[in-house]
Amino acid sequence: GQNIDQPTEMTATEGAIVQINCTYQTSGFNGLFWYQQHAGEAPTFLSYNVLDGLEEKGRFSSFLSRSKGYSYLLLKELQMKDSASYLCAVKSRGKSTFGDGTTLTVKP
Amino acid sequence: SQTIHQWPATLVQPVGSPLSLECTVEGTSNPNLYWYRQAAGRGLQLLFYSVGIGQISSEVPQNLSASRPQDRQFILSSKKLLLSDSGFYLCAWSPDRDLFSNQPQHFGDGTRLSIL
């Protein structure tokens, strides 16, 4: 089976940097995805990691350490519109298992 | 470009009534298709996935079923809804038949189902 842990909630200030952590235990690993989900909406894809290291995409970066079963999503220059839930999803044997998500609130 | 349509957006049903949610994908062929349910404040629970017409894999025992009558059509059904079936239902597709690929899933807008 698989187990994915993320903090339930985080709060940060507009313009700041925030790091959302995700730890996982899985049998078999085919990659880790991060999705953003605004309240009442569908998730949208943010990033993908399959090798160790950092992947950067504009204000968003994602890091993976397979040996530690650990990933983080880094959001820079936070904007109010970044207030959302961030879901970590681990792909194993063709199927993705989602964490419960981290609700990020950005305050002015 | 590829698009995914899911309907209805909102549904209120009495306990014991049947259910049919439909999802269609346009602009691609042979997609992998998925049905998820999301409880309030929780992550996505995979209910069913399909790699081809008539091929359905069920992830959790429940009173729901899924069918794929056409390549780009995925239907979620129930004969008798339970209170516990309430939730946000999401259909998704990914572009590769290879389940080990790195392609992300693309989600429909979801159906908010309330059982009374």
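Structure first, text after, so check above.
To start, this report covers the structure provided alongside it.

What follows is about the overall build of chain B. Helix and strand counts for chain B come out as 0 helices and 11 strands. Each helix and strand of chain B, placed in order from N terminus to C terminus, yields the pattern β-β-β-β-β-β-β-β-β-β-β. Its C-alpha atoms give chain B principal-axis dimensions of about 40 × 30 × 20 Å. The buried share of chain B, taken over its 116 residues, is 51%. In chain B, of all internal contacts separated by at least 6 residues, the share reaching a separation of at least 24 is 57%. Summed over all atoms, the accessible surface of chain B reaches about 5,500 Å², with 51% contributed by carbon and sulfur. Where the 8 positive side-chain charges of chain B centre and where its 8 negative ones centre are 9 Å apart.

The pairing of strands in a sheet comes from backbone hydrogen bonds and takes either a parallel or an antiparallel form. All names here are of chain B. Strand order in the open sheet formed by 4 strands is 1-3-8-7, and the pairing between neighbours is antiparallel. The sheet terminates laterally at strand 1 (3-7) and strand 7 (64-70), the two strands that pair on one side only. Across the sheet, the axes of successive neighbouring strands diverge by a mean angle of 15°, strand direction being ignored. Bridge analysis of strand 7 against strand 8 (residues 73-78) gives 5 bridges, and the strand direction is antiparallel. Pairing of A66 across the sheet is with L76, part of strand 8.

Definitions and limits used
- Residues numbered from 1 in each chain as written.
- Chains lettered and ligands numbered in written order.
- Predicted model: local features only at pLDDT ≥ 70, side-chain atom pairs only at ≥ 80, totals over all residues.
- Heavy atoms only, no water.
- Helix = DSSP H or I, 4+ residues; strand = E, 2+ residues; numbered from the N terminus.
- Buried < 20%, exposed > 50% of the residue type's maximum accessible area, 1.4 Å probe, protein only.
- Contact = heavy atoms within 4.5 Å.
- Areas by Shrake-Rupley, 256 points an atom, 1.4 Å probe, with all protein chains shown as cover.
- Lys, Arg positive; Asp, Glu negative; His and termini not counted.
- Charge placed at Lys NZ, Arg CZ, Asp CG, Glu CD.
- Pairing = 2+ DSSP bridges.
- Axes fitted to C-alpha atoms, helices over the stretch in contact; angles between N-to-C directions.

By themselves these figures say nothing about function.
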